[in-house]
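# Chains, contacts and geometry: an overview
Each chain is listed here by its residues.
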Amino acid sequence: MSDTLNGQSRLAHHFVDLQQQKSAATLGMWLFLATEVLFFGGLFVAYTLYKLKYYEAFVAGSHELSITLGCVNTAILITSSLTMALGVYGAQTGRKAFACNSLLATLALAGAFLVVKYFEWSAKFEHHLVPGPDFQFDVTHAAAVVANPELLRIEHVKMFFILYYIMTGLHGIHVVAGIGVIAWLYTQARKGVYSAEYYTPVELVGLYWHFVDIVWIFLFPLLYLLGRH
Amino acid sequence: MTTDSAEPKYPEHTYLNDGYSLKSWLLTKDHKRIGILYLISITFFFALGGLFALLIRLELLTPQGDLMQSDTYNKMFTMHGIVMIFFFLVPSIPAVFGNFLVPIMIGARDLAFPRLNLASWYMYMAGAVFALYAIVSGGVDTGWTFYTPYSTAHADSHVISTAVGILIMGFSSIFTGLNFIVTIHRMRAPGMTWFRLPLFIWAHYATSLIMILGTPVLGITIALVGVERALGLGIFDPANGGDPLLFQHLFWFYSHPAVYIMILPAMGVISEVITCFARKVIFGYGFIATSSMLIAILGFFVWGHHMYVSSQSEYAGLIFSALSFLVAIPSAIKVFNWTATLYKGSITFEAPMLYVFGFIGVFTIGGLTGLFLAALGMDRHVHDTYFVVAHFHYIMVGGALMAYLAAMHFWWPKMTGKRYPEGLAMVGAIAVFVGFNMTFFPQFILGYLGMPRHYHEYVPEFQFLHIMSTAGASVLGVGYLIPGVCFLWSLIHGRNAGPNPWEAKGLEWTIPSPPPTHNFEEIPVVTEEPYQYTSEASSVRHS
Ligand SMILES: [Cu+2]
């Protein structure tokens, strides 16, 4: 087994062999993802509580979001998970060009996701759907989409948007972080660092990226599809 | 201990003389050096938190608010709590002794992720800088619990920088916990099976689970407070239909288990020390190990006992009450097993063992008064009184801190290669025990009589008990200084310890003191069960 690159050992001094090193890194990544689940968990609890309390307002708020853009972004992220998986496969099978191109495609898709997000957010800003003193929301217009308009309160719609911005914002930060590490993987892959014997970083970043994808898979129906049949 | 034989030789190559430059310390990836970095940092914060405690006790000497204004007093107890909990107790045993001992005890050369370990210290320091900035620039007055809406809308102090500091410090805790779990799973020496692990390791495994599963929730909660305060995005703001009680739920989801972050490692220390100084195999190894895990798991389902009187439903209160009672079972299992370990042991009374005896007594009182508070009716009477203050100080100061001192004395010879003066250290242990009980036992009575917490003035009837408490605190303060004197003295004048001054079992005692940088020349092969003490060993020790 070649455990050196350019004379430099990839095996850290405190591990017995590469196998142990890899299994440690993999477990570490899974534990990190567990902490991430709990981190987002607090927000999901808040969302669930307020959605139960202020269902009408949340449905009304949800109707202000663009399903089209949400769907496009969902498709983009799912595709990027595929290209990421292909990148891992490429690194694992020692196909350098294939791995590099897949990582590049993942980067492009992640970028596209953020661009769509940018347009979504700026449209909201234009319509004064930003919590704050400027917040405006047409209650009579929303009355058409909810079952019990008399229960609708504008401040509760505001709460929906607060959660919307915080949750998609936190997810967006994770996408940006993902772009950072995938770009780093790409430069390493181009140098030919990864091979069938050593591709742990690609695999672990892949796990992270799938996690970011899964968070969105939960956010999308919760925020965009509320009360639509 | 041996006094007759020649002084053991000090080893030639140790982790301490492997480079003397500042860089060799600040960029070290050696788990032992990182443990020492933590030791120095948390000692500073312990002194700072102690200073706030001193000012609080001085103010409470008299019924009038004469030393400081109520606003200042609010800041004093807030900063005392924040510094002691987040910057001393949460890191204390895991970050110092866990870092130093976890790899050695399982026969590994380092933690699984040495760079992450160093990063955890830097995160701790970065968090500390924010907290110190908040303290120096005028302080924070929300109480260590940051209850909304006071913390988000009304408090006029440095909430955001403190919150940022705690958020960052939280990451250091997560890094440490993650590192321990991976290390314990993946890096055990051949023959070191799960049920041969020292109980200190089991305790740290359980603690680490809480660190990685609880801390992120504190992180997001405290971040939401910051966002609400800074950007006006009010998740907890009643003006938007937000629920302040949601904050309490999220906060205590971490902060109740955080009590076990402080006490579980302490229990691990007790298990190690008691079996050594009783010269007996630990009684009920499996029960002690399992009870650590049970405490960690149950601890996640009791947080509602902090909200009996803040609009939580009675039925939720009932369930949380029952679950809180359940935690007493694994805690009692430990106390019974430690006591059974003593039975027919050849007990000696060196300083670490004195702290252990102190711990068991004090922890039992702290634990049992916890049951008073877990009961719905009783809690209504003593909620937010000094009874609560006394209870959690019995667990956190009497329990966690005494175990921390036991660990300091027990492993100090391993860490530094030097013996401390035993007689003086024993005086210190006794002073801590007496001072502690004098300080906090009167507070149970004060609370029961109705003295509320967080007040700088009180009715004159309470003065006698407050004077007793302050007098005790002075004894306690001196008690804390004595180990400091012992340890500093030992660095200059102490005898060389040799690899195993206590004739203790465990892999850390098979290597030189202080250990070499890579711990083991060859990875050991473990062939026996832990704690194979025999009573004959004591006769050798005392020859
Ligand atoms: Cu609690």
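Residues numbered from 1 in each chain as written. Chains lettered and ligands numbered in written order. Predicted model: local features only at pLDDT ≥ 70, side-chain atom pairs only at ≥ 80, totals over all residues. Heavy atoms only, no water.

### A short note on the overall build of chain B
Within chain B, the secondary structure is distributed over 17 helices and zero strands. Considering only C-alpha atoms, chain B reaches an extent of 70 × 45 × 45 Å along its principal axes. Out of the 543 residues in chain B, the part that is buried amounts to 61%. Within chain B, residue pairs in contact and separated by at least 24 positions form 83% of the contacts whose partners lie at least 6 positions apart. Entry remark: accessible area of chain B is about 19,800 Å², with carbon and sulfur atoms responsible for 70%. (Helix = DSSP H or I, 4+ residues; strand = E, 2+ residues; numbered from the N terminus. Buried < 20%, exposed > 50% of the residue type's maximum accessible area, 1.4 Å probe, protein only. Contact = heavy atoms within 4.5 Å. Areas by Shrake-Rupley, 256 points an atom, 1.4 Å probe, with all protein chains shown as cover.)

### A short note on the overall build of chain A
A count of helical and extended segments in chain A gives seven helices and two strands. Element order for chain A, N to C, with α for helix and β for strand: β-β-α-α-α-α-α-α-α. Here the C-alpha coordinates of chain A stretch approximately 70 × 30 × 30 Å along the principal axes. Burial analysis of chain A (229 residues in total) assigns 49% to the buried set. In chain A, of all internal contacts separated by at least 6 residues, the share reaching a separation of at least 24 is 79%.

### Things to note about the coordination of the copper ion
Residues and elements named next belong to chain B. The copper ion binds to the protein through His-256 (ND1), His-305 (NE2) and His-306 (NE2); the donor distances cover 1.8 to 2.0 Å. Summarised as a motif, the one-chain spacing of the donors to the copper ion is H-x48-H-H. Of this pair, His-256 sits in helix H9 (residues 244-277) while His-306 sits in the loop between helix H10 (285-298) and helix H11 (314-342), placing them 50 residues apart in sequence. Taking the relative accessible area as the measure of exposure, His-256 reaches 8% and is therefore buried. (Donors = N, O, S within 2.8 Å, 3.2 Å for Na, K, Ca; no water.)

### Some points on the confidence of the model for chain B
Residue and element names in this part refer to chain B. Of all residues in chain B, 98% attain a pLDDT of 70 or more, and the chain-wide mean is 94. Note on residues 538-543: pLDDT is under 50 here. Beyond four places in sequence and across chains, it has 16 contacts. Interface predicted TM-score (ipTM) for the complex: 0.92; the corresponding pTM is 0.94. (pLDDT = per-residue confidence, 0-100.)

### Observations regarding the packing of aromatic side chains
Each aromatic ring pair is characterised by the separation of its centres together with the angle its planes make. Under the definition given, this model contains 64 aromatic pairs over all chains. Measuring from centroid to centroid gives 5.5 Å for A:Tyr118 and A:Phe119, while their planes differ by 70 degrees, and the two rings are edge-to-face. For the residue pair A:Tyr118 and A:Phe119, the accessibility class agrees, reading exposed in each case. Here the aromatic rings of B:Phe195 and B:Tyr285 are separated by 6.4 Å at their centres, their planes lie at 70 degrees, and the arrangement is edge-to-face. With B:Phe195 in the loop between helix H7 (159-186) and helix H8 (199-231) and B:Tyr285 in helix H10, this residue pair connects regions lying 90 residues apart in the sequence. Between B:Arg33 and the ring centre of B:Trp25, over which it is positioned, the NZ or CZ distance is 4.1 Å. In this structure, B:Arg419 is placed above the aromatic ring of B:Trp502, and the distance from its NZ or CZ to the ring centre is 4.9 Å. (Phe/Tyr/Trp six-rings, centres within 6.5 Å; stacked < 30°, edge-to-face > 60°. Lys NZ or Arg CZ within 6 Å of the ring centre and 35° of its normal.)

### What about the packing of H10(B) against H11(B)?
Residue and element names in this part refer to chain B. Taken N-terminus to C-terminus, the directions of H10 and H11 make an angle of 155 degrees; their axes are 9 Å apart at the nearest point. Taken together, the axes of H10 and H11 are roughly antiparallel relative to one another. The two elements H10 and H11 meet at a crossing, and its hand is left-handed. When H10 is examined against H11, the residues Phe-287, Ile-288, Ser-291, Ser-292, Leu-294, Ile-295 and Leu-298 are found in contact with a partner set consisting of Leu-326, Val-327, Pro-330, Ser-331, Ile-333, Lys-334, Asn-337 and Trp-338. (Axes fitted to C-alpha atoms, helices over the stretch in contact; angles between N-to-C directions. Parallel < 35°, antiparallel > 145°, perpendicular 65-115°, else oblique. Left-handed = near helix turned anticlockwise from the far one by under 90°.)

### Some words on a nonpolar patch on the surface
Residue and element names in this part refer to chain B. On the surface, a cluster of nonpolar side chains totalling about 490 Å² of accessible area is made up of Leu-51, Leu-54, Leu-58, Leu-61, Leu-67 and Ile-467. If one sorts the elements of the nonpolar patch by residue count, helix H2 (residues 31-59) sits on top with three residues. Along the chain, the position of Ile-467 falls in helix H16 (residues 463-493). Take Ile-467: its relative accessible area is 38%, and that puts it in the partly exposed class. (Patch = residues over 30% accessible without salt bridge, like charges linked within 9 Å, V, L, I, M, F, W, Y side chains within 5 Å. Salt bridge = Lys/Arg side-chain N within 4 Å of Asp/Glu carboxyl O.)

### A word on unusual backbone geometry
All names here are of chain B. Following Thr-148, the chain continues to Pro-149 via a peptide bond in cis, the omega torsion being 0 degrees. When you line up the elements, Pro-149 lands in the loop between helix H5 (114-136) and helix H6 (150-154). Cis rather than trans, the peptide bond between Ser-513 and Pro-514 has omega equal to -10 degrees. Note on placement: Pro-514 falls in the loop between H16 and helix H17 (536-541). Positive phi values are uncommon outside glycine, yet His-454 reaches one of about 75 degrees. Overall, the relative accessible area of 36% leaves His-454 in the partly exposed class. Within the chain, Tyr-531 stands out as a residue other than glycine whose phi angle is a positive 60 degrees. Positionally, Tyr-531 belongs in the loop between H16 and H17.

### Some words on the side chain of B:Thr385
Residues and elements named next belong to chain B. Take Thr-385: it is sitting in the loop between helix H13 (376-382) and helix H14 (386-416). With relative accessibility at 6%, the residue Thr-385 sits in the buried group. Those residues in contact with Thr-385 that lie beyond four places of it in its chain are Gly-447, Met-451, Pro-452 and Arg-453.

### Thoughts on the interface of chain B and chain A
Each partner contributes residues to the interface: chain B has 34 residues there, and chain A has 32 residues. Of the roughly 2,800 Å² buried between chain B and chain A, counting both surfaces, carbon and sulfur atoms make up 76%. The interface formed by chain B and chain A includes one salt bridge. A salt bridge links B:Asp243 to A:Lys53; its shortest N-O distance comes to 3.6 Å. At the junction of chain B and chain A, the tally comes to seven residue pairs in polar contact (both at pLDDT 80 or more). At the level of elements, H7, H8 and H9 of chain B are the ones that each hand at least two residues to the side of chain B that touches chain A. Per-class residue counts for the side of chain B that touches chain A are 23 nonpolar, seven polar and four charged. (Buried area = accessible area lost by both parts, 1.4 Å probe. Polar contact = N/O pair within 3.5 Å; in protein donor to acceptor, adjacent residues only side chain to side chain. Nonpolar A, V, L, I, M, F, W, Y, C, P; charged D, E, K, R; others polar.)

### Comments concerning helix H6 (residues 154-190) of chain A
Its 37 residues give H6(A) an end-to-end C-alpha distance of 53 Å, which sits within 8% of 54 Å, the value for a rise of 1.5 Å per residue. Looking at the residues trailing H6(A), positive phi occurs at A:Gly192, about 80 degrees. (Expected span 1.5 Å × (residues − 1).)

### A few points about the nonpolar core
Core analysis: the biggest nonpolar cluster contains 255 residues, and B:Phe97 and B:Ile235 have the highest contact counts within it. Once you skip the residues sitting within four places of it in the chain, B:Ile235 turns out to touch A:Leu43, A:Ala46, A:Tyr50, A:Met159, A:Ile162, A:Leu163, A:Ile166, B:Leu224, B:Glu228, B:Gly242, B:Asp243 and B:Leu246. (Core = buried A, V, L, I, M, F, W, Y, C linked by side-chain atoms within 4.5 Å.)

### Overview of the packing of helix H4 (residues 92-105) of chain B against H9(B)
Residues and elements named next belong to chain B. Interhelical geometry of H4 versus H9 gives an angle of 50 degrees and a closest axis separation of 11 Å. If you check the angle between H4 and H9, you find them oblique. In terms of crossing hand, the pair formed by H4 and H9 is left-handed. For the pair H4 and H9, contact is made by Ile-93, Pro-94 and Met-105 and by Pro-265, Ala-266, Val-269 and Glu-272, respectively. Among the residues forming the contact of H4 with H9, the class breakdown is six nonpolar, no polar and one charged.

### Let's talk about the state of the cysteines
Here a disulfide denotes one covalent bond, and it connects the sulfur atoms of two cysteines. Counted by the stated rule, this structure contains zero disulfides over all chains. No disulfide involves B:Cys276; its sulfur sits 19 Å from the nearest other cysteine sulfur, which is in B:Cys486. (Disulfide = S-S within 2.5 Å.)

### Section: the pattern of salt bridges
All names here are of chain A. Going through the model one piece at a time under the given rule, you end up with six salt bridges over all chains. Notably, a salt bridge pairs Glu-120 with Lys-117, separated by 3.4 Å at the nearest N-O pair. You can see Glu-120 and its partner Lys-117 sitting in helix H4 (residues 96-126), three residues apart, about one turn around the helix. Look at Glu-120 and you get buried, because its relative accessible area is 1%.

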